[in-house]
Structures are given as C-alpha cells and as structure tokens.
2 protein chains.
Amino acid sequence: MRDLYHEELDSIGATLIEMTGLVASALNQATDALLNSDLQLAEKVIAGDEEVDALRRDLDAKALDLLARQQPVAGDLRTIVTSLRMSSDLERMGDLAKHIGKVARLRYPDSAVPAELHDSIREMGRLGVELATKAGEIIDGQDVEAARGLDEEDNAVDALHRQLFAELLHEGNEYPVETAIDVTLVGRYYERFADHAVSVARRLVFLVTGEN
Amino acid sequence: MRDLYHEELDSIGATLIEMTGLVASALNQATDALLNSDLQLAEKVIAGDEEVDALRRDLDAKALDLLARQQPVAGDLRTIVTSLRMSSDLERMGDLAKHIGKVARLRYPDSAVPAELHDSIREMGRLGVELATKAGEIIDGQDVEAARGLDEEDNAVDALHRQLFAELLHEGNEYPVETAIDVTLVGRYYERFADHAVSVARRLVFLVTGEN
C-alpha cells in the first residue's frame, strides 16, 4: 500500500495526464470552431480554458506543498520540479487553443481562414491534437523512446506553418490584410501549441533519465 | 559572513538580474535592427541569445542542485522555485528579441516595417525595454510595490498592439500581404515580451509575500 506522500505524487501525474486530454480536446474543438464558423463551439473552448487553469493552480499548489513538507530527494524531487514545468506548458497550450477560439468568435459568421487554406489548418490542428495526446500517453507510460520520436510530427507542423506563409504570399492570391493577420496569428498559435507538447514530452525524458 | 549555501542563493538572484539586463539590451538592439535595417546588429542579437540560454542552463542546474542538496524550506524553497520560473520567462524574452532580429535579417536591406508604423513599433520596443529593466530593479530591490505598478506599461503595450492592427487594416493603406505578416508577427513578439516581463515581476510578489 502506498503512503499518502506517494499517493499525492501519483495524483500530480494523473492531473498532468488529465490536462493533456483537456488541451487536446480544446485544440480539436477550436479547429472545428475556426473552420466551420461555429460560434457556440468557440465559446465553449474559450470558457473551458478555466478548467485547465484551475487544474494547473491545484497541481502547482500541491507540488509546492510536497516540496515544502516532504523535502524530497533525487527522483521524487525531479518529478515534482518537472511536473511544475509540464503544468506551465500545458496551461499555455490551453491558452493557445483559447486564442484560436477567439479568432473564430471574432470573425463569426465568417471564417477567419479562406476555404483553400482549410486543409493546411486542419492538418496543423490534427497534428497538435496528436502531439498533446501522445504527450499524455508518454507521461502515463514513462515512455522515453516515444518522447524522442515526436520530432517527426513537430517538423510536420513547422513545414505546414511555412507552407501557410507561402500560400498567403503566393502571387495571384491577393488576400485581404485582415486574412493575412488572422492566418498569421492562428498559424503561430498552432506552431506554439505543438512546441509546448514536444516540450512536455522532452521533460519526461529528463524526468526518467536525468538528461536534458 | 554568509555561508556557501546563501552565497549560491545570492548568485542565482544576481544571474536573474543579469538576464533582465541582457534581454532588455537585446530587445533594444533588435528594435534598432528592425527599424534601421541594420543587418550587423540583427546578427548580433541573434547570436547573443546563446548567452541568455547559457545563463538559464547554469541557473537551473544550480537551483536544482540546491534543492537536492540543501532541502530548503519555506522562504528559500520559494526563492528557488520562483527563480526557476523567472529564468524560464527570461529565456523566452531572449527568444522573442531574437525572433525580431530574424525578421530584420530576413527583409534586409528592406525594412520589414513600413515607415509610418515605425513610431508604434519603436514605442513598443521602448516599453518592452523599460519593463525588462524594471523587472531587474524589482528583483534587486525585492520591490513588491513597483512590481504591482507595471500594469500601466503593460496596458500601453497592449494598446499599441491593437493600434498596429488598426493601422494595418485602415482603409486606403493597402499593405502587401508580406508586410501584414511581418508586422503581425513582430507585434506579437513585442506583446509577449512585455507579458513575460510583467510575469517576472509578479513572481517577485509571490516570492516576497507568498500570495499569487
């Protein structure tokens, strides 16, 4: 039977996994809201971010409390410090999904993204959701090998991000400035979301191996 | 005379203050590089970010080592955890200044920012430098009151950020898409830089008062 201290450590891990699920779902819904001009879904994503923020606050308070009361060493210390960093990444991923929801809301009933760019954005969204989901599985399974294998998805997001700029700039497309602003911002939000997901996975490698 | 442990804690504080100076200077130079199309200065900013990254790595290693070896409680524990968070903000501020340098380099010998938007960008840069500098002074003086007083500058940055979009969208300006992309990105970088500076200051309030 595990003692209270280790139960609390476990519950921090469970909260991190729960947060990966919430931000993956938020990004998925934000993408749908953006591409389908779905105001109700956009509002849901925007309001839902509070749940991620609350989990982060609880997790951080619990982690700081464990640090102060238990004076953990070695592996447990690394677990707690790493958890604080992961929760910071995950909170930011929630913010970025919310930002995408806000762009969708701002342009409703229009779509902020022109139809011919939907495929690129949809794919960036899909990859972001996949990265967040994998980050959760990686935390759950302490899976160092899987964490090291996320570069492919991350590179794919970066390539799509560059392609988005290329499409915006492509001669003859003549997009309005408003579209250029919106697509530049949402492209950046997806790219940062993916970066933070990869960062969560990399921190798991540090947690398990002690190597940066 | 202070013992080695407290000397190491002091040196973490000194490193944080040094980092605020470096990122303030980097943003100042990045703004000059951007507005004056100064390729050499842009390269200097881009290369200089490695120094910030190195300070961050050293600081984090030292902080984790102190946590593990000294098992600090209460105030010292809060100092170390807060320092890890501040170093993360400051490292990101360095990245953002570097990103601005990269936009300057990408468009050289042209300027990424049209002449009539220079004043807004210059002012965002000035406010960012001021916020970073004040964050350093606030850490140095443990100045909770000053930390609480940064909202004015931060609101001014947000207002300039909105104004930038308004100028881009203003009827009759007819900016090319490339300009819209560049200005949208650099505007975002300045805004995030300011956010992180305010975050550093807020963390000081937590450090001193224990209140979030």
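Just so it is clear, the model here is predicted, and its values are computed rather than measured.

1. Brief notes about the packing of aromatic side chains
Then, number 1: Under the criterion given, the structure shown has zero aromatic pairs over all chains.
Then, number 2: The ring of Phe206 of chain A has Arg78 of chain A sitting right over it, with the charged end atom 6.0 Å from the ring centre.

2. Section: the UniProt feature "domain: PhoU" (unreviewed entry) in chain A
All names here are of chain A.
Then, number 1: On the UniProt side, "domain: PhoU" (unreviewed entry) is annotated at positions that read residues 17–102 and 121–203 here.
Then, number 2: The annotated region residues 17–102 carries 94% helix and 0% strand content, and the separation between its end C-alpha atoms amounts to 25 Å.
Then, number 3: The span residues 121–203 is 87% helical and 0% strand by assignment, and the distance between its end C-alpha atoms comes to 27 Å.

3. Structural notes on the pattern of salt bridges
Side chains that differ in sign of charge can pair as their charged atoms come close.
Then, number 1: All told, the structure shown has 42 salt bridges over all chains when counted by the stated rule.
Then, number 2: A salt bridge links Glu191 of chain A to Arg188 of chain A; the nearest nitrogen and oxygen atoms lie 3.2 Å apart. One end of the pair is Glu191 of chain A and the other is Arg188 of chain A, both in helix α7 (residues 177–209) and three residues apart, which spans about a single turn.
Then, number 3: In this structure, the salt-bridge partner of Arg105 of chain B is Glu43 of chain B, at a minimum N-O distance of 3.0 Å. Here Arg105 of chain B is found in helix α3 (residues 74–107), whereas its partner Glu43 of chain B is found in helix α2 (residues 39–70), with 62 residues between them in sequence.
Then, number 4: Looking at Glu43 of chain B, the relative accessible area reads 34%, which means it is partly exposed.

4. A look at the relation of the copies chain A and chain B
Then, number 1: For the pair chain A and chain B, the relating rotation is 180 degrees, the translation along its axis is 0.0 Å, and the fit reaches an RMSD of 0.0 Å. In symmetry terms, the pair is related by a two-fold rotation axis.
Then, number 2: Mapped onto chain B, 100% of the interface residues of chain A are again interface residues, and the two copies thus contact each other with one and the same surface.

5. A closer look at empty space enclosed by the protein
Then, number 1: According to the stated counting rule, one finds one cavity of 30 Å³ or more in the structure shown.
Then, number 2: Space inside the largest cavity adds up to approximately 30 Å³.
Then, number 3: For the largest cavity, the full set of lining residues is Leu67, Gln71, Pro72 and Leu77 of chain A together with Leu67, Gln71, Pro72 and Leu77 of chain B.
Then, number 4: Class assignment of the residues belonging to the lining of the largest cavity gives a composition of six nonpolar, two polar and no charged.

6. Here we look at the packing of α3 of chain B against helix α7 (residues 177–209) of chain B
All names here are of chain B.
Then, number 1: It is at 9 Å that the axes of α3 and α7 come closest, and there the two elements cross at 165 degrees. Relative to α7, the element α3 lies roughly antiparallel. Crossing of α3 against α7: the hand is left-handed.
Then, number 2: Among the residues making up the contact of α3 with α7, the classes are represented as 16 nonpolar, six polar and nine charged.

7. Side note on the layout of surface pockets
Then, number 1: Taken as a whole, the second largest pocket encloses approximately 500 Å³ of empty space.
Then, number 2: Along the wall of the second largest pocket there are 17 residues; nearest its centre are Val103, Leu106, Leu185 and Tyr189 of chain A together with Phe165 of chain B.
Then, number 3: Looking at the lining of the second largest pocket residue by residue, the classes come out as seven nonpolar, two polar and eight charged.

8. Notes on the interface of chain A and chain B
Then, number 1: Taken residue by residue, the interface counts 28 residues in chain A and 28 residues in chain B.
Then, number 2: It is Gln71, Val177 and Arg188 of chain A in chain A that bury the most area against chain B; as a group they hold 22% of the surface buried on that side.
Then, number 3: In this structure, the salt-bridge partner of Arg85 of chain A is Asp60 of chain B, at a minimum N-O distance of 2.8 Å.
Then, number 4: Seen at the junction of chain A and chain B, the total is three residue pairs in polar contact (both at pLDDT 80 or more).
Then, number 5: Sorting the residues of the side of chain A that touches chain B by element identifies α2 (39–70), α3 (74–107), α6 (151–169) and α7 of chain A as the ones contributing at least two each.
Then, number 6: Residues that form the side of chain A that touches chain B fall into these classes: 18 nonpolar, three polar and seven charged.

9. Looking at the environment of Leu27 of chain B
All names here are of chain B.
Then, number 1: The topology assignment puts Leu27 in helix α1 (residues 4–36).
Then, number 2: In the structure, Leu27 is positioned 102 residues away from Val129 in sequence and 6.3 Å away in space, judged by C-alpha atoms.
Then, number 3: Every residue in contact with Leu27, bar those within four places of it in the chain, is listed here: Ala97, Ile100, Gly125, Gly128, Val129, Tyr190 and Phe193.

So, how was this worked out
- Residues numbered from 1 in each chain as written.
- Chains lettered and ligands numbered in written order.
- Predicted model: local features only at pLDDT ≥ 70, side-chain atom pairs only at ≥ 80, totals over all residues.
- Heavy atoms only, no water.
- Phe/Tyr/Trp six-rings, centres within 6.5 Å; stacked < 30°, edge-to-face > 60°.
- Lys NZ or Arg CZ within 6 Å of the ring centre and 35° of its normal.
- UniProt positions renumbered as here; feature names shortened; annotations may be inferred.
- Helix = DSSP H or I, 4+ residues; strand = E, 2+ residues; numbered from the N terminus.
- Salt bridge = Lys/Arg side-chain N within 4 Å of Asp/Glu carboxyl O.
- Buried < 20%, exposed > 50% of the residue type's maximum accessible area, 1.4 Å probe, protein only.
- Least-squares fit on C-alpha atoms with pLDDT ≥ 70 in both.
- Contact = heavy atoms within 4.5 Å.
- 1 Å grid on protein atoms, 1.4 Å probe; cavity = no way out; pocket = protein on both sides within 12 Å on 5 of 7 lines; lining within 4 Å.
- Points joined across faces, edges and corners; volume = space filled by probe spheres on them.
- Nonpolar A, V, L, I, M, F, W, Y, C, P; charged D, E, K, R; others polar.
- Axes fitted to C-alpha atoms, helices over the stretch in contact; angles between N-to-C directions.
- Parallel < 35°, antiparallel > 145°, perpendicular 65-115°, else oblique.
- Left-handed = near helix turned anticlockwise from the far one by under 90°.
- Buried area = accessible area lost by both parts, 1.4 Å probe.
- Polar contact = N/O pair within 3.5 Å; in protein donor to acceptor, adjacent residues only side chain to side chain.

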